[in-house]
Amino acid sequence: MDIYLKLRIGLNFFEALACITGFIYWKKIRNSYWKWFPVYLAIIVVTEITGEIAGYRLQWYQFNRNLYTFFCIPLQFLFFCWLFWKYFEKSSYRNWALAGALIYLLSLLTNIFLLASIRFSFFSFSYMMGNLILLVLTILFFSLFIIGNEILGYRSSSMFWVCLGLLIFYLMSLPLYGLWNTLAAKHPGLFDNYWIITMILNYLMYLLFTLSFVWGKPK
């Protein structure tokens, strides 16, 4: 078992930890839109494990790529846009979340149809757009959070822990995913080291998602 598979299995552990914790605290969130968060995490866990079996065991590389490109990655960006849309329900920022989802879908369609002739191993353009959109929405959240009274009870804010995880992961991994194809082709050593760091950031993000269920209270 190589280090890359070990790191992916480690990621599955933290994803499953966040998912199981969400269902353990289901009673606390079942009457709010947060009830869909553990469901989303369960889908991510199943998808990730399916991708690993397809890629590492069965060597269905094209299936694995399509699974992430057309389902798993879009699901992540669109779900968090929806989560921000629900959180910003009484804020003027709500339309920003809707606009972000539309922009991401347009960027994905651009990757599929306008850049289809270019043999990319990874859809960097649409991923980078989704990454930037989540960063903007996260910054908007913290701007409201800091000037409002909610900051006084930050520990009980589910959205605080989620946004902290998103900020850490998507901000620090932006260079890797934005330059994925270039780094993989021309600087494989740098790519491998950065990928390992990104996996550790992923662990931290899902750990913070876990804390959102343990300490957070649905808004």
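Residues numbered from 1 in each chain as written. Predicted model: local features only at pLDDT ≥ 70, side-chain atom pairs only at ≥ 80, totals over all residues. Heavy atoms only, no water.

**Q** Would you mind showing me how to read empty space enclosed by the protein here?
**A** To find leftover empty space, a probe the size of one water molecule is rolled over the atoms. Taken as a whole and judged by the stated rule, the model has one cavity of 30 Å³ or more. Roughly 50 Å³ of volume is contained in the largest cavity. As for the largest cavity, its lining consists of T69, I73, Y104, L108, F122, F123, S126 and Y127. Elements supplying a minimum of two residues to the lining of the largest cavity: α4 (61-87), α5 (94-114) and α6 (124-147). Class assignment of the residues belonging to the lining of the largest cavity gives a composition of six nonpolar, two polar and no charged. (1 Å grid on protein atoms, 1.4 Å probe; cavity = no way out; pocket = protein on both sides within 12 Å on 5 of 7 lines; lining within 4 Å. Points joined across faces, edges and corners; volume = space filled by probe spheres on them. Helix = DSSP H or I, 4+ residues; strand = E, 2+ residues; numbered from the N terminus. Nonpolar A, V, L, I, M, F, W, Y, C, P; charged D, E, K, R; others polar.)

**Q** Whenever I open this one, the packing of α4 against α5 confuses me. Can you help?
**A** The packing of two helices is summarised by the inter-axis angle and the distance between the axes. Running from amino to carboxyl end, α4 crosses α5 at an angle of 165 degrees, the nearest separation of the two axes being 7 Å. Looking at the two axes, α4 sits roughly antiparallel to α5. At the point where α4 passes α5, the crossing takes the right-handed sense. Contact residues: α4 offers T69, F70, I73, P74, F77, L78, C81, F84, W85 and K86, while α5 offers R94, A97, L98, G100, A101, Y104, L105, L108 and I112. Considering only residue class, the contact of α4 with α5 consists of 15 nonpolar, two polar and two charged. (Axes fitted to C-alpha atoms, helices over the stretch in contact; angles between N-to-C directions. Parallel < 35°, antiparallel > 145°, perpendicular 65-115°, else oblique. Left-handed = near helix turned anticlockwise from the far one by under 90°. Contact = heavy atoms within 4.5 Å.)

**Q** I keep staring at the nonpolar core and nothing clicks. Help me out?
**A** Looking at soluble globular proteins, one finds that nonpolar side chains tend to be buried together. Counting residues in hydrophobic clusters, the biggest one holds 62 residues, and the most contacted among them are F37, F80, F84, F141 and F209. Excluding residues within four positions of it along the chain, F80 makes contact with F37, Y40, L134, V162, L166 and F209. (Core = buried A, V, L, I, M, F, W, Y, C linked by side-chain atoms within 4.5 Å. Buried < 20%, exposed > 50% of the residue type's maximum accessible area, 1.4 Å probe, protein only.)

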